[in-house]
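Structural overview for review
This is what each chain is made of:
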Amino acid sequence: MEETVKAFMDKVIERNPGEKEFHQAVQEVVESIMPYIEKNPKYKKAKILERIVEPERTIMFRVPWVDDKGEIQVNRGYRVEFNSAIGPYKGGLRFHPSVTLSILKFLGFEQIFKNSLTGLPMGGGKGGSDFNARGKSDMEIMRFCQSFMMELFRHVGPNTDVPAGDIGVGGREIGYLFGMYKKLRNEFTGVLTGKGINWGGSLIRPEATGYGAVYFVQEMLENKNETLKGKIVTLSGFGNVAWGAALKLNQLGAKVVTLSGPDGYIYDKDGVKGEKIDYLLEMRASNNDRVEDYAKKYKVPFYSGKRPWEVKCDIAMPCATQNEMDENDVKNLIKKGCMLIAEVSNMGCTASAAKLATEKILFAPGKAVNAGGVAVSGLEMTQNSMRISWTSEEIDKQLHHIMKTIHDSCVKYGLVQKEKIDYIKGANIAGFVKVADAMLDQGIV
Ligand code: 2IT
């Protein structure tokens, strides 16, 4: 089996030189599903694996804009339309200086399986730009978003490709993008999700990724006759995802003691709760991209240049970005008594970190844990199509049900021995089967 995986990966690496994040994401999925494919030759014969690692379409474009000083700036825009076997391409836009084609291909690839796991009809895609919002004015952000949409509008649409937010793209950016799309097309449609509540957005969408992740953790704990009550939780990040997770963790009786940014992490022994959680939104709106402001405002310790995985906890939830937790971090966490790591960021753990955590404690991968975000995006699309709005209770109920169902799927395909669940394997196979069967049904396209 190892040889088959290696032979396959050698080809992927040769065809996609230098794209190391993409290789990492593919490797993880291929390791999980190769044994399943060997047992089900119909997928092998139809070359499903070879086809699924090739995006259906990749769009790259110039994004020129004028800054406040009147100077011309040039960024690069992307949209990777990876797979549309089970629905329109769906996935976020990331605006961050670290964005490359490799990053967006890894994210788009993950999105195929994640979207499939939600049970909703959404294909996989991802896009973004190397635009850096740090220190930019609101007007600069608007002009950038408008220029980005001036090209993207011809490639997307409510039945074709429906982008949303990701790192650097929140409600404000979605608003500017939507405004330009509407102007260019003269059409008011559900072309983006994460919209404002007065113009087609869905209740609970801002909270959905964090809430969904915590619901998933609840399922993992319940399986071991445990609950969240009284648990100490370390979070990284301070954006939309960490914010939603902190809200729900507090509601369920857990205590959040860390947050982080590119500048370091804060430790709040009394817990990140109440108005302190609201403050995260202010930090995000300031475009400063630093968490030290929290430490100053609430007089708690700040550890410059460090990540929060040195803090003792019961549960660790990386909520920031890819490869933010490595094998050493996992070793340290386990040594200090951590019992569960839930990857909330996409590919938040390195491959060896995820393997070690799966072996030793409870671990679940991003594509299962963070699927609540895109799931509520799917519900936003449904509400837009029906021209109705559901109540927050209704959406929260559906989100909770979806996360439970994803957990069930992980158990179904990931149970390795009595009571031991390999959530990586479970999520990858469950996500794969639905897409692969659709590809079989639709022929060689
Ligand atoms: O990684 C993700 O799933 C997202 N950024 C959300 C995608 C979406 O379409 O809501």
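Only a predicted model underlies this, so the values are computations on that prediction, with no experimental measurement involved.

So, about the environment of Glu50. By the secondary structure assignment, Glu50 is in helix 4 (residues 48-52). Here Glu50 falls in the partly exposed class, since its relative accessible area comes to 37%. Along the primary structure Glu50 and Lys434 are separated by 384 residues, whereas in three dimensions their C-alpha atoms are 16 Å apart.

Let's shift gears to the sheet that holds strand 3 (residues 89-95). Pairing in this open sheet of 5 strands is mixed, and the strands run 1-2-4-3-5 from one edge to the other. Unpaired on one side and paired on the other, strand 1 (57-66) and strand 5 (161-164) mark the two borders of the sheet. Each neighbouring strand pair of the sheet contributes to a mean axis angle of 20°, computed without reference to strand direction. Bridge analysis of strand 3 against strand 5 gives 4 bridges, and the strand direction is parallel. Of the residues in strand 5, the one forming a bridge with Gly91 is Pro163. Relative to strand 1, helix 6 (residues 138-152) is tilted by about 140°, and along the sheet it contacts strand 1, strand 2 (72-83), strand 3, strand 4 (124-129) and strand 5.

This part takes up the site of the ligand. Of all residues adjacent to the ligand, which total 14 residues, the nearest are Lys90, Lys114, Asp166, Arg205 and Ser377. Gly165 places a main-chain nitrogen or oxygen 3.0 Å from a nitrogen atom of the ligand. Ser377 is positioned with one of its side-chain polar atoms (N or O) 2.6 Å from an oxygen atom of the ligand. The protein chains hide 94% of the 300 Å² of surface that the ligand would expose on its own. Only strand 3, helix 5 (101-117) and helix 15 (371-386) provide two or more residues apiece to the shell around the ligand. Split by residue class, the shell around the ligand holds 2 nonpolar, 7 polar and 5 charged.

Next up on the list: the sheet that holds strand 10 (residues 315-317). Remark on secondary structure: sheet strands pair via backbone hydrogen bonds, oriented parallel or antiparallel. Spatial strand order, 9-8-7-6-10-11-12: 7 strands in an open sheet with mixed pairing. Unpaired on one side and paired on the other, strand 9 (302-304) and strand 12 (362-364) mark the two borders of the sheet. Taken over all neighbouring pairs, the strand axes of this sheet differ in orientation by 15° on average, direction set aside. In this sheet, strand 8 (residues 264-267) lies alongside strand 7 (residues 255-261) in antiparallel orientation, the contact comprising 4 bridges. Looking at strand 8, one finds that Thr258 is bridged to Tyr267.

Within the fold, Asp263 resides in the loop between strand 7 and strand 8. One buried charged residue, Asp263, forms no salt bridge at all, with the nearest opposite charge on Arg290 at 5.6 Å. Among the polar contacts listed, one links the side chain of Asp263 to the backbone nitrogen of Glu292, at a separation of 3.0 Å.

Turning next to a nonpolar patch on the surface. On the surface, a nonpolar cluster with roughly 290 Å² of combined accessible area is contributed by Val66, Ile72 and Val74. Note that Val74 resides in strand 2.

Turning next to helix 9 (residues 240-251). Compared with an ideal rise of 1.5 Å per residue, which puts 12 residues at 16 Å, helix 9 spans 17 Å between its outermost C-alpha atoms and is within 8% of the ideal. Where helix 9 is buried, its residues touch helix 8 (205-222), strand 6 (232-235), strand 7, helix 10 (275-285), strand 10 and helix 16 (392-414). Phi turns positive one or two residues past the end of helix 9, at Gly253, with a value near 90°.

A few words now on unusual backbone geometry. Positive phi, normally seen in glycine, also occurs at Ile204, with a value near 70°. With respect to the element layout, Ile204 can be found in the loop between helix 7 (171-185) and helix 8. The exposure class assigned to Ile204 is buried, which follows from its relative accessible area of 12%. Residue Met347 is not a glycine yet carries a positive backbone phi of 50°. Relative to the helices and strands, Met347 resides in the loop between strand 11 (340-342) and helix 13 (351-360).

Membership of the largest hydrophobic core comes to 62 residues, with the highest contact counts inside it found for Phe216, Leu235, Leu249, Leu259, Tyr294, Met317 and Ile406. Broken down by element, this core gets its largest block of residues, 9 residues, from helix 8. Ignoring sequence-local partners within four residues, the contact set of Met317 consists of Ala213, Val214, Val217, Val233, Thr234, Leu235, Ser236, Leu249, Trp309, Ala342 and Val344. Counting 40 residues, the second largest nonpolar core, distinct from the first, contains Val30, Ala46, Phe432 and Val433.

Looking now at the packing of helix 16 against helix 17 (residues 423-442). Packing of helix 16 against helix 17 leaves a shortest axis separation of 7 Å and a crossing angle of 100°. Considered as vectors, helix 16 and helix 17 are oriented roughly perpendicular to each other. For the pair helix 16 and helix 17, the contacting residues are His407, Ser409, Cys410, Tyr413 and Gly414 in the first and Tyr423, Lys425, Gly426, Ala427, Ile429, Ala430 and Val433 in the second. When the residues that make up the contact of helix 16 with helix 17 are grouped by side-chain class, the tally is 7 nonpolar, 4 polar and 1 charged.

A few words on the pattern of salt bridges. Scanning all chains against the criterion turns up 26 salt bridges. The partner of Lys6 in a salt bridge is Asp10, with the nearest N and O atoms 3.0 Å apart. Here Asp10 and Lys6 lie together in helix 1 (residues 2-15), a separation of 4 residues that amounts to about one turn. With relative accessibility at 39%, the residue Asp10 sits in the partly exposed group. Note that Asp329 is salt-bridged to Arg307, the shortest N-O span being 3.0 Å. Residue Asp329 is located in helix 12 (residues 327-335), and its partner Arg307 is located in the loop between strand 9 and strand 10; the two are separated by 22 residues in the primary sequence.

Rules and cut-offs
- Residues numbered from 1 in each chain as written.
- Predicted model: local features only at pLDDT ≥ 70, side-chain atom pairs only at ≥ 80, totals over all residues.
- Heavy atoms only, no water.
- Helix = DSSP H or I, 4+ residues; strand = E, 2+ residues; numbered from the N terminus.
- Buried < 20%, exposed > 50% of the residue type's maximum accessible area, 1.4 Å probe, protein only.
- Pairing = 2+ DSSP bridges.
- Axes fitted to C-alpha atoms, helices over the stretch in contact; angles between N-to-C directions.
- Contact = heavy atoms within 4.5 Å.
- Near = heavy atom within 4 Å.
- Polar contact = N/O pair within 3.5 Å; in protein donor to acceptor, adjacent residues only side chain to side chain.
- Areas by Shrake-Rupley, 256 points an atom, 1.4 Å probe, with all protein chains shown as cover.
- Nonpolar A, V, L, I, M, F, W, Y, C, P; charged D, E, K, R; others polar.
- Lys, Arg positive; Asp, Glu negative; His and termini not counted.
- Salt bridge = Lys/Arg side-chain N within 4 Å of Asp/Glu carboxyl O.
- Patch = residues over 30% accessible without salt bridge, like charges linked within 9 Å, V, L, I, M, F, W, Y side chains within 5 Å.
- Expected span 1.5 Å × (residues − 1).
- Core = buried A, V, L, I, M, F, W, Y, C linked by side-chain atoms within 4.5 Å.
- Parallel < 35°, antiparallel > 145°, perpendicular 65-115°, else oblique.

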